[in-house]
Amino acid sequence: IIIKSMDKFYTCSCFFRDNIFLEEYKLHVRFIAENQFRKEYQNGSNLQQHLMSLGCVTESQFRDVLGKVSELWKIERRQSHKLKSAERAATIREIYAPLHQHVYHLQESFLAPEFLQLVKYCTSNDATMEGLMKLIQTEAAPRVFRFPVLRKEFCKDFIEELEHFEQSDAPKGRPNTMNNYRILLSELGFDESFFTPLREVYLHPLTALLYSDCGGSCLDSHKAFVVKYDMREDLDLSYHYDNAEVTLNVSLGKDFTEGNLFFGDMRRHHVTEGLLHRGRHMHGALPISSGTRWNLIIWMQASRERNKLCPMCGKRPTLVESDVFRDGFTMDTSSNVSCSLT
Ligand SMILES: O=C(O)CCC(=O)C(=O)O
Ligand SMILES: [Fe+2]
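Residues numbered from 1 in each chain as written. Chains lettered and ligands numbered in written order. Predicted model: local features only at pLDDT ≥ 70, side-chain atom pairs only at ≥ 80, totals over all residues. Heavy atoms only, no water.

A. Geometry of the overall build of the chain. Of regular secondary structure, the chain possesses 9 helices and 16 strands. Within the span of the chain, comprising 342 residues, buried residues form 53% of the whole. Contacts in the chain between residues at least 24 apart in sequence constitute 77% of all its contacts with a sequence separation of at least 6. For the chain, the computed accessible surface area is about 16000 Å², with 51% contributed by carbon and sulfur atoms. (Helix = DSSP H or I, 4+ residues; strand = E, 2+ residues; numbered from the N terminus. Buried < 20%, exposed > 50% of the residue type's maximum accessible area, 1.4 Å probe, protein only. Contact = heavy atoms within 4.5 Å. Areas by Shrake-Rupley, 256 points an atom, 1.4 Å probe, with all protein chains shown as cover.)

B. View of the packing of helix α5 (residues 113-122) against helix α8 (residues 191-210). As a packed pair, α5 and α8 sit with axes 9 Å apart at the nearest point and diverge in direction by 65 degrees. In terms of their interaxial angle, α5 and α8 are classed as roughly perpendicular. Read as a crossing pair, α5 and α8 show a hand that is left-handed. Contacts between α5 and α8 involve Phe115, Leu116, Leu118, Val119 and Cys122 on the former and, on the latter, Leu198, Val201, Tyr202, Leu203, Pro205, Leu206 and Leu209. Grouping the constituent residues of the contact of α5 with α8 by class yields 12 nonpolar, no polar and no charged. (Axes fitted to C-alpha atoms, helices over the stretch in contact; angles between N-to-C directions. Parallel < 35°, antiparallel > 145°, perpendicular 65-115°, else oblique. Left-handed = near helix turned anticlockwise from the far one by under 90°. Nonpolar A, V, L, I, M, F, W, Y, C, P; charged D, E, K, R; others polar.)

C. Structural context of the coordination of the iron ion (ligand 2). Those donors, His240 (NE2), Asp242 (OD) and His283 (NE2), are the protein atoms that reach the iron ion (ligand 2), and they lie 2.1 Å from it. Here the donor residues for the iron ion (ligand 2) map to a single chain with the spacing H-x1-D-x40-H. Summarising the burial analysis for this pair, His240 and Asp242 share the class buried. (Donors = N, O, S within 2.8 Å, 3.2 Å for Na, K, Ca; no water.)

D. Quick look at the side chain of Asp242. Mapped onto the elements of the fold, Asp242 is located in the loop between β8 (237-240) and β9 (246-253). Here Asp242 sits buried without a salt bridge, and the closest side chain of opposite charge, Arg182, lies 8.5 Å off (N-O distance). A distance of 3.2 Å separates the side chain of Asp242 from the side chain of His283, its partner in a polar contact. Apart from the residues within four sequence positions on either side, Asp242 is in contact with Thr247, His277, Gly279, His283, Trp299 and Met312. (Lys, Arg positive; Asp, Glu negative; His and termini not counted. Salt bridge = Lys/Arg side-chain N within 4 Å of Asp/Glu carboxyl O. Polar contact = N/O pair within 3.5 Å; in protein donor to acceptor, adjacent residues only side chain to side chain.)

E. The site of ligand 1, seen in detail. Around ligand 1, a shell composed of 14 residues is seen, among which Tyr229, Asp242, Asn249, His283 and Arg293 lie nearest. Separating an oxygen atom of ligand 1 from a side-chain N or O atom of Tyr229 is a distance of 2.5 Å. Interatomic distance of 3.0 Å between a side-chain N/O atom of Asp242 and an oxygen atom of ligand 1. Here ligand 1 has 300 Å² of accessible area as a free molecule, and 98% of this is covered by the chains. Among the secondary structure elements, those contributing two or more residues to the shell around ligand 1 are β7 (221-230), β8, β14 (283-285) and β15 (288-301). The element best represented in the shell around ligand 1 is β15, accounting for 4 residues. (Near = heavy atom within 4 Å.)

F. How the structure looks around α5. Taken as a whole, α5 has its buried residues at Phe115, Leu118, Val119 and Cys122. An end-on view of α5 places all buried positions within 100 degrees of arc, on one side of the element. Opposite the buried face of α5, at more than 90 degrees from it, the exposed residues are Gln117 and Lys120. Here the buried face of α5 lies against α6 (129-135), β5 (145-148) and α8. (Arc of directions from axis to C-beta.)

G. Broad picture of the nonpolar core. Grouped together as the largest cluster of nonpolar side chains are 54 residues, with contacts concentrated most on Phe115, Phe147, Phe158, Leu185, Leu198 and Leu296. Broken down by secondary-structure element, the contributors of at least two residues to this core are α5, β5, α7 (152-167), α8, β7, β9 and β15. The contact partners of Phe115, leaving out residues within four places of it in the chain, are Phe147, Pro148, Val149, Leu198, Tyr202, Leu203 and Leu206. One finds Leu22, Phe62, Val65 and Trp73 within the second-largest nonpolar core, a separate group that totals 15 residues. (Core = buried A, V, L, I, M, F, W, Y, C linked by side-chain atoms within 4.5 Å.)

H. Region of the structure containing the packing of aromatic side chains. With the rule as written, the count across this model stands at 17 aromatic pairs. Seen in terms of ring centroids, Phe110 and Phe154 are 4.5 Å apart; in terms of plane orientation they differ by 25 degrees. Their pairing is stacked. With Phe110 in the loop between α4 (85-95) and α5 and Phe154 in helix α7, the pair connects residues that are 44 residues apart, well separated along the chain. The exposure class of Phe154 is buried, given its relative accessible area of 4%. Where Phe145 meets Tyr211, the ring centres are 6.0 Å apart and the plane angle is 65 degrees; that geometry is what we call edge-to-face. One end of the pair, Phe145, is in strand β5; the other, Tyr211, is in the loop between α8 and β7, with 66 residues separating them in the sequence. For Tyr211, a relative accessible area of 0% corresponds to the buried category. Following the ring pairs from residue to residue traces out a cluster consisting of Tyr104, Phe110, Phe154, Phe158, Phe190, Phe194 and Phe195. Taking NZ or CZ as reference, Lys172 lies 5.2 Å from the ring centre of Phe165, over its face. Its end group placed over the ring of Phe225, Arg182 keeps NZ or CZ at 4.7 Å from the ring centre. (Phe/Tyr/Trp six-rings, centres within 6.5 Å; stacked < 30°, edge-to-face > 60°. Lys NZ or Arg CZ within 6 Å of the ring centre and 35° of its normal.)

I. Expanded view of the pattern of salt bridges. Taken as a whole and judged by the stated rule, the model has 16 salt bridges. Its salt-bridge partner being Glu200, residue Arg199 comes within 4.0 Å of it at the nearest N-O pair. For the residue pair Arg199 and Glu200, the accessibility class agrees, reading buried in each case. Through salt bridges that share partners, Glu34, Arg38, Glu59 and Arg63 make up one connected network.

Spelled out as structure tokens, the structure:
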């Protein structure tokens with residue numbers, strides 16, 4: 001497998017104007033400037049009706065929406081420009097002293113034996129999708145798979161590390177418009193030593209068999225983060241799709257009730273287990289009713305797929321260079337991307 005430097009990746013320009021999430025109306029909108037927004041959502045036809053049908057009818061409600069959208073836009077798009085991800089990462093390296101140094105380097109002992117068995121099967125010469133399906137738990141939702149990923153001891157140390165980070169003065173890259181409590185793991189230095197090998201060595205053999213028709217056999221980048229839900233913070237996550245070809249979502253703990261991930265239907269999600277699903281499969285997280293819920297999310301991306309169609313705007317991507325976010329697009333579409341089954 002060819003390991004690509006993250007520098008080769010680009011963002012689709014839609015990131016800088018689309019997909020701003022309005023919590024109150026559970027709607028993603030596009031914002032460039034007030035004029036554009038009024039034109040599209042107040043005087044325009046379809047979009048305006050959509051916002052109206054969701055209950056935004058009066059001028060004062062509309063002004064409220066406009067205020068919120070421009071605020072969100074500033075927070076998410078502008079501020080992140082000011083303090084760039086790479087700068088935050090450098091500051092974190094400089095001032096933050098980890099509590100559990102060992103969790104930053106992937107070791108096989110962190111992984112559940114059941115998961116290692118699946119990987120072993122997938123890398124054997126006669127592995128087939130049918131064979132794998134016999135070893136893996138399928139969910140009622142199409143092409144959603146559930147299996148243990150991490151060991152409990154690792155989950156505990158990992159959460160302790162994240163709590164320690166939360167309490168530190170180190171700069172944090174959140175929020176985005178959907179989650180208020182999110183930690184971008186690349187900024188803590190987890191990518192090279194943890195998520196790149198996890199994706200390439202352990203997850204890729206599974207996704208190549210399970211999702212070869214939607215990029216699973218040529219994943220070449222990822223975005224890994226944790227989301228946190230707490231009774232005093234975010235409780236749930238609205239229905240959405242991911243900026244990913246394939247997503248792995250692992251429940252880390254701690255103790256919580258309710259708060260299941262749903263794909264149209266409700267599903268159970270046990271601590272240490274992962275749910276693997278297509279990024280474009282709509283899903284959300286139901287509210288917790290007590291405790292704290294931490295989940296590790298790995299959005300895995302395949303440039304070969306997304307170079308044809310950006311999953312966020314549904315168009316051929318217009319590439320822009322950005323230090324802040326690199327969303328897995330590449331310049332060269334024919335590309336040197338490896339797309340093998342191993
Ligand atoms: O909280 C969860 O389990 C879902 C998180 C999620 O879907 C996301 O961040 O994309
Ligand atoms: Fe998601």
